[in-house]
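Tertiary structure, described
Given next are the chains, with one letter for each unit.
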Amino acid sequence: MPTENLTDKRLSKFKNKGKDPLKMRERRVAECVELRKAQRVESILKRRNIEFQPVEEPLSPEYNTDNQQVISATIQEIIENVNSDCPERQTQGCQTARKLLSRERNPPLKEVVEAGLLSRFVEFLSRNDNPTLQFEAAWSLTNVASGTSWHTQQVVEHGAVPAFISLLASPMLNISEQAVWALGNIAGDGPSYRDALIDCNVIPALLARLTPDAPVGYLRNLTWTLSNLCRNKNPFPRFSAVQQMLPSIIQLLHHSDKSVLSDACWAISYLTDGPNERIDVIIKTGILPRLVELLTFEELAVVTPALRSIGNIVSGSDVQTQAAIDAGVLTALPKLMRHPKPNVQKEAAWAVSNIAAGPRPQIQQLITCGLLSPLVDLLKNADFKTQREAVWAVTNYTSGGTVEQVVQLVKCGGLEAILNLLTVKDAKTVLVILDAINNIFLAAEKLGEVEKLCLLVEELGGLDRIELLQNHENNTVYRAAQALIEKYFSEDAADECLKTEATETDFVFGPTEVQRRFDF
Amino acid sequence: MFVTDIRKEFYDVVVNQRVALLVSADIDALCACKILQALFHCDHVQYTLVPVTGWQDLGTAFLEHKEQIKLLIKQDDDLGVPSYDDIFRDDEDEDEDGDGGDSGNESDGGSEPSGKRRRIERQRAKREWEARRREILFDYEQYEYHGTSASMVMFELAWVMTKDTKDMLWWSIIGLTDQWVHDKITHMKYVTDIATLQRHVSRHNHRNEDEENSLSIDCMRISFEYDLRLALYQHWSLYESICNSCYTSCSFKLWSINGQKKLQEFLADMGLPLKQVRQKFNSMDLSIKENLREVIEESSNKFGMKDIRVQTFSVHFGFKNRFLASDVVHAAAALLESVEKDEGATDNFIKALDCLSRSNIEKLHLGIDLAKKKLKAIQQTIASCICTNLILSQGPFLYCHLLEGTPDVKLFSKPLALTLLCKYLLKAFVCSTRNKRCKVLPLIMAAPMDVEKGTVIVLGIPPESETSDKKNFFGRAFEKAAESTSSRTLHDHFDTSSK
C-alpha cells in the first residue's frame, strides 16, 4: 500500500532511524556537492601586497605582451641562465621565470614544465648558500604546482616534496613561507598527495613554525595549508594526523585575523564532514562554544565555514546534536535564517532540518528557542534551495514530534506554508511535503480532529492542489496524492477517524478564525 | 556620466526632477541652455540657472545646490574616452604582506577556498596597470579639444522628441558658429555639422511652404548662405568690416602702409567707390548690394584670398531684421564679456542669454555695437603689437605681454576676447614675419586680469596651421610651468588653454 511505502521512506529519512543511518548524510552530500567542489580555475582574485623587493624593478619588456614568441624567447633565455654554473645567472633565470609565472594573466605554466626547468628549480631549493636563488625557485615551483593535477604531479615527480619540507625550517621567513605555500598546493591536489605529505612527516614540521611571534601573513599561509591537509575524503586523513593537527587548529580558531579564522573553520568543516566518529573527535576538543560564537562573526568568510561545521555536527548522533544545542547553537540560528545571503539561509535551514530529525526534547528546544517562526518565514519567502531544506525540517519535525509539537507548528503557519509549496516543480520536494501533510493528519487522528483538519486544508487551498497532484507526471507523486485524498478526503473518510488519544482540548483542529489563526 | 541615448538616459531622467543648470561662459553653452530652457518650459520642469565661469564656480555651485537631485554640466564633449577599467580599479582588500593569488575564491568570501593558489606579484601587476593608465590618461588629457557643439546635441534631443522649433534650430546654428568663430573646431568638422544643420533647415522650411503668410511679422525664416567672411558687415559699413575682420586684415596686412594701398586697389578693382563703401551697409546703393558677394569673391581670388566666403546661415524675422549667425555670436560674446562699469558677470550672462531671443532685438543691437568696439580694439592692438615688435620669440614659443595702460586692455582681461585677439594676432604675425621658424611656433599671451589684485590672465594657442586639428596642449604645460616656478596660479577655466 502506498501509505506503508511512505512510512518506510519517512522512517529512513530520520536522522537516526531507518535502515541506512547514513541516508541523511548522503542527502546532504548530494545536495551540497556544489558548495564543496574544489575550483581549480586559474583566475586570480585575492591579492596581497608584499614589498619583498625593496628596489623598484624596471618593468621588463614582457609586461605588455601575451605574445607567444616573446614567451618562447624568454624561456630560452631562462633555460640558458638556469643551466649555467654562474650563481648570478641562475638567480636571474629563476627570477625571470618567477616573473613570468606570477603575471596576472595566462602564466605559461605548461611551457615552463615542457622546457624541463623543474629539475633545476628543485635542485636550487637545496642551495642554502643562496637564499635568493632558493626563494625564486620556490616561488616558481609554487606557481607551477598551483595549476592542474598534471602540473602538480610534475612538480612532485621532480622531487620537490622532501626539499620543500626541509625548507620549512629555513631561517629565512620568506623562504619558509613559500615552502608552506607550495606544500599547501600539493596537499590540495587530492587525498593521495595529501597522504604522501603526511607520510613525509610534514605535519610536525609545519606545526613547529606555529609560534606566537609569527607574522599574520605567515599564519594565514600556514592555516590554509593545514586546512588542505584536513581536506578531502575517500579516504579521510588518518586519525593520527588529525589528532596531531587539531590542537593547533583549535588555537588558530582563537586568532583575531579573519583569514586565519576562515581557513581554520574550513579545516573544522572538513573534519566534521564524515562519520560520527570524526565528529566526536572534534567535539571532544571542546571547540563547540567557539564555533557557535563564530556564527555571529560579522565576516561572511568566517560565518560560512562555521555554519557548515555546525551543520555537519548536528547531522551526527543525537548526543552530538545535543552538544551543539548545549553550546548555544539555537540562539544563533534564527539570525542566520534571516541572513542577507541566501546561502547562509540555506545552510541554517539544513541545520534546523537535522535538529528537527532528533528526539522530542530537541524538537521542543526548537520551539522554546523561537525557531518556528523564522522557519515558516523561510518557507514563505526564501529562495527555492532554502525552501527545500525548510520543507525537510517540517517533515522531520512532524514525523518525530509529539501531537502538541505538531500543533505548535501548524499554529505558526507551517501547514499553510507547505501547502503553498505544493505547486513547485521539483517532484522530490512535493513528496516530502505530502509526507509532512500525512504526518500532520496522523497527529489529527490522535486528536480526533481529522475532519477539522480537512476543512482547514481545504480552506487554505491545499485540497485543490493535492487534487491537482493526482495528475502529476511523476508516479510516486500522484500515487501519494491519491492516497492522501482517499484516506482523508473521500466520502468514507469520516468513518476512519480514530480517536485514540484524548487530549484536554477538544476540537483542536478548529475552523479558521478571521486572521487565519488556526485553533489547532 | 557618459550617455549614449540622450533621450532615455538624460531627458527622461531629469524631466521629473528639479534641475540645476550650470552653464559655462561661452556662446555655445548659452545656446544649448536656451534650447533646454525651451524644452523644460514645455514640460514644466523646474530648474535653477547657474552661470559658472570656471571650476571654482562649478565647485561652489555644486556645493550650494547639492541637495538638488540632478546636475547638468554644459561643456563640449570630449571624444575618445578611455574605458572605465583602464582608469579605475576597485580597491580590494590588501593585506599587509604576502602577494597572494587565490584561484576560484568568490570575492565576497562566501564560498569554499580553492584547493590551490598561485602567487602573483600584486605590486608588479599594479605597477604595470598604473603605467598603462598613465599612458592612457596622458593621451587623453594632454590635448584639449572640442567635440560636437552642445547646442547641436540639445537640438538633436529636441528633434528626437519631435519638440524642435525654428528658434531651437537657430540657437544650435549659433552654437556651431561660435565654435567656428572662436576656432574650436576644424574646418572639416564645421562643414560636416553645417550639412547636418542644413538638413534640419530644409525640413523646417518645407513645413512652411504651404502657409500663406510666410513673411508675417511673427515668422522666422532660416536660410543657408554662402556669405562673406566679413564680421558684422551688414550692420556696419563694408569698409569698416573689411578693416576689422581678421581674414581680410591679415591678408592685406592692413597695419602697414602697403596694406592700406592694397585695400584701395582691391576696392578699385571691384569698382566700389570709397564713399559708398564707407556708408552704412543698408544705405549702400541697391545696385552695388545686388551682386556684392560674387563681385567680392572674384576680386578676392585675385588678391590671394581664396576663402572669402563661408557656409553659414542667416535668419530673417520681422521686416527688416536679418542677421547672420556670426553676427549673433559676436554680439553675444561681446555682451557676455562686457567690461562696462557696474555690470557684474551675472548681469552680463543674463544679457547675453537674452539677446539670443527674438524678442530682444535691442539687446542684440547693443551687443553688435559692443562687438564692433571689440573688433576695432583687436585690430588696433594687433597693429600696435606688430609695428612695435611686441611679439617676442622665446625659443619654443612666441610671447606677447599686454601691459597695463595699453588702450582697451580691459577688454582682454576676458578669455573669449583674449582668445580672439590671440588667434588674430598669431595669424597677423605669421603673415608679417619673414622668419620661417617663427611661423610654426605657438603663441602665449598675457594680459592684466584684475588690476587691483595684480593678476594676469595667460592664454596659449597652438601654431597657426591649415591642417591643425585644433588640439591645445597648453593646459598641461601651464600646470607644469606653475609647478616648477612655484607661482600662484588658478587653473580655473574649463577651456584649459587659458589660465
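Position numbers for residues start from 1 in each chain and track the written sequence from start to end. Lettering for chains starts from A, numbering for ligands starts from 1, and both go in the order in which the items are written. The predicted origin of the model limits local features to residues at a pLDDT of at least 70 and limits the giving and counting of side-chain atom pairs to 80 or more, whereas totals for whole chains, interfaces and linings rest on all residues. Excluded from the side-chain calculation are hydrogens and water; included are all heavy atoms of the structure.

Side note on the overall build of chain B
Secondary structure elements are defined from DSSP: runs of H or I of at least 4 residues count as helices, runs of E of at least 2 residues count as strands, and each element is numbered from the N terminus. From N to C terminus, chain B includes 19 helices and ten strands. The rule is simple: take the accessible area with a 1.4 Å probe, protein chains only, and divide by the maximum for that residue type; under 20% is buried, over 50% is exposed, in between is partly exposed. Going through the 499 residues of chain B one by one, you find that 52% of them count as buried. It only takes one pair of heavy atoms within 4.5 Å for two residues to be counted as in contact. Restricting the contact set of chain B to residue pairs at least 6 apart, pairs at least 24 apart contribute 72%. To be clear on the numbers: accessible area is Shrake-Rupley with a 1.4 Å probe, and residue cover counts the displayed protein chains and nothing else. For chain B, the exposed surface amounts to about 24,100 Å²; the carbon and sulfur share of it is 51%.

Things to note about the overall build of chain A
Of the regular secondary structure elements, chain A holds 30 helices and zero strands. A buried classification covers 58% of the 520 residues belonging to chain A. For chain A, the share of sequence-separated contacts (at least 6 apart) that also reach a separation of at least 24 residues comes to 72%. Accessible surface, chain A as shown: approximately 21,800 Å² in total, 52% of it carbon and sulfur.

A few points about the nonpolar core
Take the buried residues of types Ala, Val, Leu, Ile, Met, Phe, Trp, Tyr and Cys, join any two whose side-chain atoms come within 4.5 Å, and each joined set is a nonpolar core. Counting residues in hydrophobic clusters, the biggest one holds 163 residues, and the most contacted among them are A:Phe121 and A:Leu333. At 13 residues, the largest contribution of residues to this core is made by helix 27 (residues 427-447) of chain A. Of the domains in this structure, domain 1 (70-209) and domain 2 (363-494) of chain A are the two that each give at least three residues to this core. Core analysis: the next-biggest nonpolar cluster, separate from the first, contains 104 residues, B:Cys250, B:Phe323, B:Ile386 and B:Val409 among them. Throughout the structure description, domain borders are defined by an automatic or database domain assignment.

Topic: the sheet that holds strand 9 (residues 443-450) of chain B
All names here are of chain B. When DSSP finds two or more bridges between a pair of strands, those strands are recorded as paired. The strand order 7-8-9-10 describes an open sheet built from four strands, whose pairing is mixed. Two strands lie at the open edges of the sheet, namely strand 7 (392-393) and strand 10 (455-461), each paired on one side alone. As defined by bridge partners, strand 8 (residues 398-401) adjoins strand 9 across four bridges and the pair is classed as parallel. When the sheet's bridge partners are listed, His401 is paired in strand 9 with Ala446.

Let's talk about the UniProt feature "repeat: ARM" (unreviewed entry) in chain A
Under the UniProt annotation, the feature "repeat: ARM" (unreviewed entry) is placed at residues 159-187, 244-286 and 328-356 of chain A. Between the C-alpha atoms that bound residues 159-187 of chain A the distance is 15 Å, and the span itself is 79% helix and 0% strand. UniProt positions are given in the numbering used here, feature names are shortened, and annotations may be inferred rather than shown by experiment.

A look at a negative patch on the surface
All names here are of chain A. On the surface, Glu458, Glu459, Asp464 and Glu467 cluster together into a negatively charged patch. Those elements that place two or more of their residues in the negative patch are helix 28 (450-459) and helix 29 (462-469). You can see Glu467 is positioned in helix 29. Here the term patch refers to residues with relative accessible area over 30% and no salt bridge, with like charges joined within 9 Å and nonpolar side chains (Val, Leu, Ile, Met, Phe, Trp, Tyr) within 5 Å. Just to be clear on terms, a salt bridge is a Lys or Arg side-chain nitrogen sitting within 4 Å of an Asp or Glu carboxyl oxygen. Here the positive residues are Lys and Arg and the negative ones are Asp and Glu; neither His nor the chain ends is included. For charged residues, the charge sits on one atom: NZ in Lys, CZ in Arg, CG in Asp, CD in Glu.

Some details on the sheet that holds strand 4 (residues 220-228) of chain B
Residues and elements named next belong to chain B. Sheet architecture is open: three strands sit in the order 4-5-6, paired in antiparallel fashion. Unpaired on one side and paired on the other, strand 4 and strand 6 (321-324) mark the two borders of the sheet. Here the strands of the sheet are splayed against their neighbours by 25 degrees on average, with no regard to which way each runs. Note that strand 4 and strand 5 (residues 309-317) share nine bridges and pair antiparallel. Along strand 5, the bridge assignment pairs Ser223 with Ser314. Fitted lines through C-alpha atoms give the axes, limited to the stretch in contact for helices. The angle between two N-to-C directions lies from 0 to 180 degrees. Lying over the sheet, helix 8 (residues 187-207) contacts strand 4 and strand 5, oriented at roughly 30 degrees with respect to strand 5.

Brief notes about the pattern of salt bridges
Oppositely charged side chains can pair when the atoms bearing their charge come close. Taken as a whole and assessed by the stated rule, the structure comprises 30 salt bridges over all chains. Of the charged contacts, one joins A:Glu136 and A:Arg98 as a salt bridge, the two residues approaching to 2.7 Å between their closest N and O atoms. On the criterion of sequence distance, the pair formed by A:Glu136 in helix 7 (residues 131-145) and A:Arg98 in helix 4 (residues 87-101) is long-range, its members being 38 residues apart. One salt bridge in this structure joins A:Arg98 and B:Glu121, with 2.7 Å as the shortest N-O distance. With A:Arg98 in helix 4 and B:Glu121 in the loop between helix 4 (84-87) and helix 5 (122-142), this pair bridges two chains. On the basis of relative accessible area, B:Glu121 is assigned to the buried category, the value being 6%.

Looking at unusual backbone geometry
With an omega of -5 degrees, the peptide bond running from A:Asn234 to A:Pro235 counts as cis. Mapped onto the fold, A:Pro235 is located in the loop between helix 13 (216-230) and helix 14 (239-252). With a phi angle near 60 degrees, B:Asp183 is a residue other than glycine that sits in the positive phi range. The class for B:Asp183 is partly exposed, based on a relative accessible area of 23%. Backbone geometry at B:Asp408 places phi at a positive 60 degrees, although glycine is not the residue there. Topologically, B:Asp408 is positioned in the loop between strand 8 and helix 18 (415-432).

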